Amino acid sequence: MNDNDGRFADLVPQGKDFPSSDDPRIHSPNIDALARKSLLLKKAYVQQAVCSPSRTSFLTSRRPDTTHVYDLHTYWRKVSGNFTTLPQYFKNHGRITAGIGKIFHSGFKDDPISWTEPYNRPDHSSYEDGKTSWMFLNDSQLANDPLVDDKIAKAAVIALQDFATGGKYANRPFFLGVGFMRPHLPFVSPEAFSHYYPASSLHLPSNPYAPINMPDAAWWKSPELISYTDISALHFQGQVNETLPDNKVRELRRAYFSAVSWVDSLVGVVLNELDRLGLSNNTVVSLLGDHGYQLGEHGMWNKHTNFELATHAPMMIRIPGLTDNGIITERVVEFVDLFPTLVDAVGLPSIPVCPENSLNVLTCTEGESLMPLVHNATAAWKHSAFSQYPRHKHGVDIMGYSLRTDKYRYTEWVEFSYQTHKPDWTRNHGTELYDHTTDPDENHNVASDLAFADLARSLSNRLHAGWRHVSPSINNPSPPIVG
């Protein structure tokens, strides 16, 4: 089960780790309850902070430079390799696989080879295809034109009934993917959920300005938000240190939080049906978002960056009998770790690590199974997560490669070849280093600070060496936990 843009504030007991400290307490009782029975991964990072590259990455367990998917239109089976997906692997091992809503990004015909059942992607309501960035709907409006996520939840309930006693697939093992759309733009939800966020609870971001010493390549003008008529009417251009009017910022944040609570209620509908049908005790449940989200912090909106709020996303995995009392880990993990983890959690054959060139290898992983953290939340683990984001600046293709350790975020924006899918580390268009022990909101880039010179050099070496050099599955010694 995966949610879309993720910035859930109150996945107990993590407090403010996913959102910024300026967010109100989010009303998410169903997700909170799931977190209390799950492996809760407080430091989980996507490989690229936008829908399709992120989904392609965690569904194939390969990174963007292997999938060659960096945008919303490219289909990995056409540009890189015929890689086996997570649901396809379950299908190949005798599971009934069904998908509902947004699992793969739209435009791929939902990858029919991955599913045994016809894919179910309900239509959006007319309100969700509108031109304004947010909307609260009353009961009368919803009765005449229900929101897509309501349709997705109802379809998921029907699908679960197929696997219960009396259903057409009773007693058959299954994989069910449920992808809710919200909280994606436009932030549309039932009016009732806005009541959890009265005006007194809404605050402006404390850092509506670009980081000090931020390189130009790191900036994002937020065109996705600007495309809505209520935003374009404000003549907002998304320039560095340009901000929306305070009332609009509060409106958008309230609408986003309300959409999160709306999705939480639907997560509850699905999980309650799983309980009612007697399927909970032998069903692994994972919940995640495909990236994080910026809500005016640094003056930016949406995702599309390598900043913490864009790359850090919710992830939890409930494994009956192993996580019943809740397990919380602070270890740095990546979304490419999901595929091998779910395979191991249900006892399917483990996924091998990908070789250097895996374009002709159907099934392999560029991540790590998280099962060691299920058994010991403080186990020695890889010390770095890797994310990236493309830019085109001054006629040059650039890729921002970002390394997140327990304490630091280090990023280099370097020239990139789409023919070789490799960076040229010698052609650098900007470097960033943020010390999360003193600057968790990433407001001060200290990459050029002499006091951090040795650290920056060390992190640069790690970044250039890549994920293989921190993977415990590739004959590396136990990685250090510090740094």
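Quick caveat, the model's predicted, so the values are computed rather than measured.

A. Structural context of the sheet that holds strand 14 (residues 408-417). The four strands are arranged 12-13-14-15 in an open sheet whose pairing can be described as antiparallel. Only two strands of the sheet have a single partner each, and these edge strands are strand 12 (385-393) and strand 15 (422-435). Ignoring which end each strand starts from, the neighbouring axes of this sheet average 20° apart. In this structure, strand 12 lies alongside strand 13 (residues 396-404), joined through nine bridges in antiparallel fashion. Its bridge partner being in strand 13, glutamine 388 is matched across the sheet by tyrosine 401. Sitting on the sheet, helix 14 (residues 453-465) is in contact with strand 12, strand 13, strand 14 and strand 15, with an inclination near 50° to strand 14.

B. Representation of the environment of phenylalanine 386 within the structure. Relative to the assigned elements, phenylalanine 386 resides in strand 12. Judged by its relative accessible area of 10%, phenylalanine 386 falls in the buried class. Remark: the alpha-carbon pair of phenylalanine 386 and leucine 295, spanning 91 residues in sequence, is separated by 23 Å. Non-local contacts of phenylalanine 386, meaning those with residues more than four positions away in its chain, are made with Val46, Gln47, Arg63, Glu334, Ser402, Leu403, Arg462, Leu463, Gly466, Trp467 and Val470.

C. Summary view of the pattern of salt bridges. Inspection of the entire model under this criterion finds 24 salt bridges. With a closest N to O distance of 3.2 Å, aspartate 150 and lysine 154 form a salt bridge. Placement of both aspartate 150 and lysine 154 in helix 7 (residues 148-163) is noted, with a separation of four residues, approximately one turn of the helix. With relative accessibility at 51%, the residue lysine 154 sits in the exposed group.

D. Just the pairing of strand 3 (residues 96-101), in detail. Judged by how many residues are buried, strand 3 sits mostly within the fold: six of six residues are covered. Relative to strand 5 (residues 174-179), strand 3 is paired through six bridges, and the arrangement is parallel. For alanine 98, the partnering residue across the bridge sits in strand 5 and is leucine 176.

E. Broad picture of the state of the cysteines. Per the counting criterion, the structure on display carries one disulfide. The partner cysteine of cysteine 354 in its disulfide is cysteine 364, sulfur to sulfur 2.0 Å. The chirality of the disulfide connecting cysteine 354 with cysteine 364 is right-handed, given an S-S dihedral of about 90°. On the criterion of sequence distance, the pair formed by cysteine 354 in the loop between helix 12 (338-345) and helix 13 (371-375) and cysteine 364 in the loop between helix 12 and helix 13 is long-range, its members being ten residues apart. Summarising the burial analysis for this pair, cysteine 354 and cysteine 364 share the class buried.

F. A look at the side chain of serine 194. Within the element layout of this structure, serine 194 appears in the loop between strand 6 (187-190) and helix 8 (223-226). Looking at serine 194, its side chain comes within polar contact range of the main-chain oxygen of glutamate 191, at 2.6 Å. If we ignore the near neighbours within four places in the chain, the residues touching serine 194 are Phe136, Arg254 and Ser258.

G. Summary view of helix 14. Spanning 13 residues, helix 14 covers 18 Å between terminal C-alpha atoms, matching the ideal 18 Å at 1.5 Å per step. When helix 14 is considered as a whole, its buried residues turn out to be Ala456, Leu459, Ser460, Arg462 and Leu463. For helix 14, the arc enclosing every buried residue in end-on projection is 160°, short of the 170-degree limit, so these residues lie on one face. Among the exposed residues of helix 14, those pointing more than 90 degrees away from its buried face are Asp454 and Asn461. The secondary structure elements touched by the buried residues of helix 14 are strand 12, strand 13, strand 14 and strand 15.

H. Structural view of the nonpolar core. Within the largest apolar cluster, 43 residues are counted, with the highest numbers of intra-cluster contacts made by Leu41, Leu86, Met315, Phe335, Leu338 and Leu370. For this core, the secondary structure elements donating two or more residues are strand 2 (39-45), helix 2 (51-60), helix 5 (86-92), strand 10 (315-318), strand 11 (327-334), helix 12 and helix 13. At five residues, the largest contribution of residues to this core is made by helix 12. Among the nonpolar cores identified, the runner-up in size contains 40 residues, and Ile31, Phe174, Leu266 and Val270 belong to it.

Rules used throughout
Each chain has its residues counted from 1, running along the sequence as written. Per-residue local features are limited, in this predicted model, to residues with pLDDT of at least 70; the limit for side-chain atom pairs, both in listing and counting, is 80 or more; totals at the level of whole chains, interfaces and linings are taken over all residues. The basis for the side-chain values is all heavy atoms of the structure; hydrogens and waters are excluded. We treat two strands as partners when DSSP finds at least two bridges between them. Under the DSSP-based scheme used, a helix requires at least four consecutive residues in state H or I and a strand at least two consecutive residues in state E, with every element numbered from the N terminus. A fitted line through C-alpha atoms represents every axis, and for helices the fit uses only the stretch in contact; the resulting angles, taken between N-to-C directions, go from 0 to 180 degrees. Contacts between residues were defined by any pair of non-hydrogen atoms, one from each residue, lying within 4.5 Å. Whether a residue is buried, partly exposed or exposed follows from its accessible area with a 1.4 Å probe, protein chains only, as a fraction of its type maximum: under 20%, in between, or over 50%, in that order. Any Lys or Arg side-chain nitrogen found within 4 Å of a carboxyl oxygen on Asp or Glu counts as a salt bridge. We call a pair of cysteine sulfur atoms a disulfide when they lie within 2.5 Å. Two N or O atoms form a polar contact when they lie within 3.5 Å of each other; inside protein one atom must be a possible hydrogen donor and the other a possible acceptor, and for residues adjacent in sequence the pair counts only when both atoms belong to side chains. Multiplying 1.5 Å by the helix residue count minus one yields the expected span of that helix. Note that the arc is computed from the directions linking the helix axis to the C-beta atoms. In this description, a nonpolar core means a group of buried Ala, Val, Leu, Ile, Met, Phe, Trp, Tyr and Cys residues linked to one another through side-chain atoms lying within 4.5 Å.

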